[in-house]
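What follows is the residue order along each chain.
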Amino acid sequence: MTHKFKFLSSLVLCGTILANCQQPQASNTVSGVLSEKQAQTAALWPEVKKETRPWTRWWWMGNAVDEQNIDRLLDEYAKAGIGGVEIAPIYGAKGHENKYIDFLSPKWMGILDYTVQKAGSLNMGVDMTQGTGWPFGGPQVKPEYAASRLILQKYALNGGQTLTETLEVKDPKQKELGVALQAVMAYSDKGEILNLTNKATADGKLNWKAPAGNWEIYAAFNGKTRQMVKRAAPGGVGYTLDHLSKTATEAYLQPFTQAFNGSNHGVRAFYNDSYEVYGADWSSGFFDAFQKGRGYDLRPYLRELVSKEHTETVTRLKSDYRETMSEMLYNNFYTPWNDWAHRHNSLTKNQSHGSPGNLLDLYAAVDIPECETFGSSYFPIPGLRRDSADVRNVDPDPIMLKFASSAAHVSGKNLVSSETFTWLGEHFKTSYSQMKPEVEQVFLSGVNHVFYHGVTYSPEEVAWPGWLFYASLNMTPANSLWPQFNGFNQYITRVQSVLQSGKADNEILVYWPIHDVWSKPEGMQMMIGVHEVDEWLHPTQFYKQSKQLMEAGYSLDFVSDKMLHQSKVNNGQIITAAAAPKHKVLVLPQSKYMAETTFERAIQLASEGATVIIEQLPTDVPGLHDLNNRRQKLKQLTQSLTFTDAGNGIKQMKAGKGEILLAKDIQKALASKNIHRESLTDTGLKFTRRDIGTGKYYYLVNHTPKTIDTTIPLNLTAQSVVMLDPQSGNAGLATSSTSNEKTNVRVQMNSGEALILKATTNQTPEVLAWQYLENAGAPTEVKGTWNLRFTQGGPELPAAQQLTQLKSWTELPDKKAEAFSGTGEYTITFEMPSKKAGEYVLDLGKVSESAKVWINGQEVGYINSIPFQARVGHYLKPGKNTMQVEVANLMANRIRHMDQNKIQWRNYHEINFVNINYKPFDASGWKPMPSGLLGPVTVTPYNTSAGKTTGAL
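Thresholds, definitions, all that
- Residues numbered from 1 in each chain as written.
- Predicted model: local features only at pLDDT ≥ 70, side-chain atom pairs only at ≥ 80, totals over all residues.
- Heavy atoms only, no water.
- Helix = DSSP H or I, 4+ residues; strand = E, 2+ residues; numbered from the N terminus.
- Rg over C-alpha atoms; globule rule 2.2 N^0.38 Å.
- Buried < 20%, exposed > 50% of the residue type's maximum accessible area, 1.4 Å probe, protein only.
- Lys, Arg positive; Asp, Glu negative; His and termini not counted.
- Charge placed at Lys NZ, Arg CZ, Asp CG, Glu CD.
- Pairing = 2+ DSSP bridges.
- Axes fitted to C-alpha atoms, helices over the stretch in contact; angles between N-to-C directions.
- Core = buried A, V, L, I, M, F, W, Y, C linked by side-chain atoms within 4.5 Å.
- Contact = heavy atoms within 4.5 Å.
- Expected span 1.5 Å × (residues − 1).
- Phe/Tyr/Trp six-rings, centres within 6.5 Å; stacked < 30°, edge-to-face > 60°.
- Lys NZ or Arg CZ within 6 Å of the ring centre and 35° of its normal.
- Parallel < 35°, antiparallel > 145°, perpendicular 65-115°, else oblique.
- Left-handed = near helix turned anticlockwise from the far one by under 90°.
- Salt bridge = Lys/Arg side-chain N within 4 Å of Asp/Glu carboxyl O.
- pLDDT = per-residue confidence, 0-100.
- Polar contact = N/O pair within 3.5 Å; in protein donor to acceptor, adjacent residues only side chain to side chain.

A. Inspection of the overall build of the protein at higher detail. Secondary structure assignment for the protein yields 20 helices and 46 strands. Here the protein has a C-alpha radius of gyration of 31 Å; the compact-globule value for 953 residues is 30 Å, and the two agree. Reported as C-alpha extents along the three principal axes, the dimensions of the protein are approximately 110 × 75 × 50 Å. Residue burial in the protein is summarised as follows: out of 953 residues, 62% are buried. Treating the 95 positive side-chain charges of the protein as one cloud and the 93 negative ones as another, the clouds have centres 2 Å apart.

B. Looking closely at the sheet that holds strand β8 (residues 214–224). With antiparallel pairing, four strands are arranged side by side in an open sheet as β5-β8-β6-β7. On the outer flanks of this sheet lie β5 (148–158) and β7 (193–195), each paired with one strand and no other. Strand-to-strand twist of the sheet, defined as the mean angle between neighbouring strand axes without regard to direction, takes the value 20 degrees.

C. Structural context of the nonpolar core. Counting residues in hydrophobic clusters, the biggest one holds 208 residues, and the most contacted among them are Trp58, Phe260 and Leu586. Setting aside anything within four residues of it in sequence, one finds phenylalanine 260 in contact with Leu104, Met109, Leu112, Met128, His265, Val267, Phe270, Trp340 and His344. In this structure, Tyr826, Met832, Leu844 and Val885 belong to the second largest nonpolar core, which totals 38 residues.

D. The arrangement of the sheet that holds strand β15 (residues 503–504) in detail. Strand order in this open sheet of six strands is β15-β25-β26-β32-β28-β29, and the pairing throughout is antiparallel. Each end of this open sheet is capped by a strand with a single partner; those strands are β15 and β29 (731–733). Contacting β25 (686–691), β26 (695–701) and β32 (754–760), helix α12 (residues 485–499) crosses the sheet at an angle of about 145 degrees to β26.

E. Representation of the environment of valine 621 within the structure. Mapped onto the elements, valine 621 comes out in the loop between β21 (611–614) and α18 (627–639). For valine 621, a relative accessible area of 0% puts it in the buried group. Sequence-distant contacts of valine 621, that is, excluding residues within four places in its chain, are made with Arg316, Tyr593, Met594, Glu596, Leu627, Arg630, Arg631 and Leu634.

F. Just the pairing of strand β12 (residues 368–374), in detail. Along β12, seven of the seven residues are buried, which leaves the element largely enclosed by surrounding structure. Here β12 shows two buried faces, one formed by Ile368, Glu370, Glu372 and Phe374 and the other by Pro369, Cys371 and Thr373. One ladder, built from two bridges, connects strand β11 (residues 347–350) with β12; its direction is parallel. Along β12, the bridge assignment pairs asparagine 350 with proline 369. In the sheet, β12 pairs with strand β13 (residues 417–422) via four bridges, with the strands oriented parallel. Looking at the pairing, glutamate 372 lines up with glutamate 419 of β13.

G. Region of the structure containing the side chain of aspartate 281. As for its position among the elements, aspartate 281 is in the loop between β10 (269–272) and α6 (286–294). Look past the residues within four positions of aspartate 281 in its chain and what remains in contact with it is Ser148, Arg149, Leu150, Phe286, Tyr321, Met325, Met524 and Gln525.

H. Looking closely at α12. Helix length check: α12 (15 residues) gives 21 Å between terminal C-alpha atoms against 21 Å at 1.5 Å per residue, within 8%. Of all the 15 residues making up α12, 15 are buried; the element is thus mostly covered by neighbouring parts of the structure.

I. Region of interest: the packing of aromatic side chains. Applying the stated criterion across every chain, the model contains 57 aromatic pairs. An angle of 90 degrees between the planes, with centres 6.2 Å apart, marks the rings of phenylalanine 260 and tryptophan 340 as edge-to-face. Note that phenylalanine 260 is positioned in helix α5 (residues 246–260) and tryptophan 340 in helix α8 (residues 312–343), a separation of 80 residues in sequence. Measuring from centroid to centroid gives 4.8 Å for phenylalanine 403 and tryptophan 512, while their planes differ by 80 degrees, and the two rings are edge-to-face. Taken together, the residues phenylalanine 403 in helix α10 (residues 398–410) and tryptophan 512 in the loop between β16 (508–511) and α13 (514–518) connect sequence positions 109 residues apart. Of the two residues, phenylalanine 403 and tryptophan 512, neither departs from the other in class, the shared state being buried. Directly above the aromatic system of tryptophan 55 lies the positively charged group of arginine 268, at a separation of 4.1 Å from the ring centroid. Here the guanidinium or amino end of lysine 562 rests over the ring plane of tyrosine 330, the centre of that ring lying 4.8 Å away.

J. Structural detail: the packing of helix α2 (residues 67–79) against helix α3 (residues 106–121). Relative orientation of the contacting elements α2 and α3 amounts to 30 degrees, with a least axis distance of 10 Å. It follows that α2 is roughly parallel to α3 by the angle criterion. The handedness of the crossing between α2 and α3 is right-handed. Between α2, through Glu67, Ile70, Asp71, Leu74 and Asp75, and α3, the contact on the second element is made entirely by Ile111, Tyr114, Thr115, Lys118 and Ala119.

K. Quick peek at the packing of α5 against α8. Interaxial distance between α5 and α8 falls to 9 Å at its minimum, and their mutual angle equals 20 degrees. Judged by the inter-axis angle, α5 sits roughly parallel to α8. Viewed along their axes, α5 and α8 form a crossing whose handedness is right-handed. Within the contact between the two elements, α5 uses Lys246, Thr249, Leu253, Phe256, Thr257 and Phe260 and α8 uses Asn332, Phe333, Pro336, Trp337 and Trp340.

L. Here's a closer look at the environment of leucine 549. Positionally, leucine 549 belongs in helix α15 (residues 541–552). When the C-alpha positions of leucine 549 and glycine 729 are compared, they lie 32 Å apart, and in sequence the two are 180 residues distant.

M. Just the pattern of salt bridges, in detail. Scanning the entire structure with this criterion turns up 45 salt bridges. Notably, a salt bridge pairs arginine 72 with glutamate 460, separated by 3.9 Å at the nearest N-O pair. One end of the pair, arginine 72, is in helix α2; the other, glutamate 460, is in the loop between β14 (449–456) and α12, and 388 residues separate them in sequence. The exposure class of arginine 72 is partly exposed, given its relative accessible area of 22%. On the accessibility criterion, glutamate 460 (55% relative accessible area) is exposed. Here aspartate 297 and arginine 299 are joined by a salt bridge, their closest N and O atoms 3.0 Å apart.

N. Region of the structure containing unusual backbone geometry. Omega for the bond connecting serine 848 with glutamate 849 falls within 30 degrees of zero, at 15 degrees, which places this linkage in the cis form. Within the secondary structure, glutamate 849 sits in the loop between β39 (846–848) and β40 (850–855). A cis amide bond links glycine 935 to the next residue, proline 936, at an omega of 0 degrees. Assignment of secondary structure puts proline 936 in the loop between β44 (932–935) and β45 (938–946). Its identity as a non-glycine residue notwithstanding, asparagine 123 has a phi of 60 degrees, on the positive side. Mapping asparagine 123 onto the fold places it in the loop between α3 and β3 (125–129). Residue class for asparagine 123 comes out partly exposed when judged on its relative accessible area of 39%. With phi around 60 degrees, asparagine 648 is a residue other than glycine that occupies positive phi space. Within the secondary structure, asparagine 648 sits in the loop between β22 (644–647) and β23 (650–655).

O. Structural detail: the confidence of the model for the protein. Looking at the protein, the pLDDT average stands at 94 and 95% of residues meet or exceed 70. A low-confidence stretch, residues 1–33 stays under pLDDT 50, and its non-local contacts, those more than four residues away or across chains, total 142 contacts.

P. Layout of the side chain of threonine 681. Position of threonine 681 relative to the elements: it lies in the loop between α19 (666–672) and β25. Judged by relative accessible area, which is 12%, threonine 681 ranks as buried. A polar contact is formed between the side chain of threonine 681 and the backbone oxygen of glutamate 678, at a distance of 3.2 Å. Contact partners of threonine 681, with chain neighbours within four places excluded, come to Glu551, Ala552, Gly553 and Phe687.

Q. Structural detail: helix α17 (residues 596–607). Taking 1.5 Å as the rise per residue, α17 with twelve residues should run 16 Å; its terminal C-alpha atoms sit 17 Å apart, in good agreement. Within α17, the full set of buried residues consists of Glu596, Thr598, Phe599, Arg601, Ala602, Ile603, Leu605 and Ala606. Trailing α17 by a residue or two, glycine 609 shows a phi angle of about 125 degrees, which is positive.

R. Layout of the environment of proline 89. Position of proline 89 among the secondary structure elements: in strand β2 (residues 84–90). Distance in space between the C-alpha atoms of proline 89 and valine 267 is 15 Å, their sequence separation being 178 residues. Residues in contact with proline 89, not counting those within four places in the same chain, are Trp60, Asn63, Phe103, Trp108, Gly131, Thr132, Gly133, Arg231 and Ala233.

Rendered as structure tokens:
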């Protein structure tokens, strides 16, 4: 076999262990007291708070909750390392209707108060969805406040004729909702356009005789989508809200005002899920908002608004229409909703993706922007399982995730959350090895406040697997992986404690040309969502430039027109908000449309001292109003720029205190201004960076298929670098040196591992040296008789086994093991003839799916993901050694058994329970999933070298 270095994976560093932590605290202590070395290592990590632990969405099915079960479940969640819950009321389980509680009723508010009090006693937080199911809506949304759509009815008249039909909607379901006539326009075959609205009577008669010619009459009605709240809970059934109407938003919030009665009842943040309001392309105030925002009347263009023609007029009109909708959503929903939460001393948390608006502005409008991962990503990590059935139409895209983090950074907000692991895989088949790289990709995108999607409240008396939500990760106490969930949460906690420290450290602002997205002649409402990135994101030069810059090692945030207008410059740095991190340069990628006011602002920022890099000068303005004058203004701006040739394909121009560069190759332009990439990405490593004033944190991830043992340069001059292992909690002084204003640090990372570097401008005193692994010896396989006993799970505990060869539980002679989901405990005694190496690395081989290890009675810790390795030299001794390995498998085999035997376990109202393709769920045809410790288990000796700072070279 090939002996790869086994570097960081879990656990011992120079006699110091931090394996089983809440911040992270040691598991191997004397009388529960940390040793001096352990305490020193723990002090190198940032403080753990509620927000640094992962939170979870918590579905209350039918609101059938009680204090006893809330008490029990929150205790379970706290022990597992969960920092908070987000209450999400949804539809209920059948047969439990007598326990349902109406949303916002006095009884419901009492249960909320109890939940907050109990969570507080456990140092946990509570958020809640400001509604039930999704999107916002409910019984308070009367038809006049419901999501609206434009209904256009067309009539034909010849000259001299009058309309004999009544101007009313023909759909009887719309009539029931009191649909209002808003405009009547007439178009002749000679190009005449007449507004006949004031000639329509209240009873729908049109008092008008057509002049000579052929005429088309368009009657515009404010219709309703009739969409109801999806997955609503008791007390929450009703129409979906008209998010474009401030009056409707205020009416929607009124029951909350009454129920909360001036207090937030301990709710940290009120949450709004992704915008899934379908067909809502209108609102009663649209004509007025359009006139105010775009400067002209939309009514004469009703024919073009619904046209399918691909003309310039249609394209420009629809861009204006979409920009107006974006402004209405921002002004009429986000602003009053935010104000309501702030009056109640709470925050807002929102998923803006899917909205028909500028995602950056909408994300930035709230306190905690939240993105979403949907489906699974491909990672070339050896041994990582990705079932073909789990592959969605579009993989999660880090650039899509960066819209939320960019909005937070640019608007000066520290927390960026993520709805994480939604449909990561088919139910009951998701492992920690699959979850880890997925959440690492989220962290790399700027997220620092993970929310699981999620857990379901389930009463103790409900049989296994308890109540479950159909689109969930289903990481509940009933999950066979739950006993080792704390180990995975420790990893997230350590990473988030770092990523919530200081400020994001991204040097580039990249302008997002939203008008290129909006300027499409197809359709009307444009929902800019996760599932449509192949249409609105991937084909754009903005996407291509951003991806190339990130892959090259640059760090960036996206910026909108609105954000640029709010920015200023100080000492050459672009400041987008008072609390925002500073950026060194603004990049304008090639675009077809750019507002002349935005381009003018970019030039002004340069004159105030900023560096602005333009890939290609803009050639046209968006929209229809005053088009010639605005085009002329843009032309004047571009012609006012007088560039000189700076060589290397770069043209430059001084602009006041700053500079403008024109270059097709953005990276060459950046290098010419000494804005350097992090060349550590040449190794294949990915990173994100935080500025902590006295230095920087680097979070590194190895998602390549190879082991990396090399020296990487960091773009700062540091006096010392501390290496922190988020898998184990270990920390130590790294080998580093400085040269040419860079710090060179040696790193060792197996495929699938992460590492954090804390590079500081001051010396870090009295820090243990990091132990590097050198010169692997021959691995020794741990052989002998493995005693296997099953400790918890079901449907029945299989008989104990003695194994001379490790194999899957599904291959054991006891057929109970094929259906078993739970925990098995392996023990073995083996000989270590001597202990001369500096370190020993345990490799468990193949594990299905998570493990916890003890050696000679001492807890080594959780080894729950690829590469399933740990440093164990601290625990081994010459001669006889005993190893205990506790392995948890997936829920899949037990669910398969239940479906094959027609055992009822899913019985819910609404959608009931579906598979990843939204078809009725049935596991009876599954093949058994491999389970247990499959090995081979080996121990490899290494020489070691101590980390050290050697100073400047």
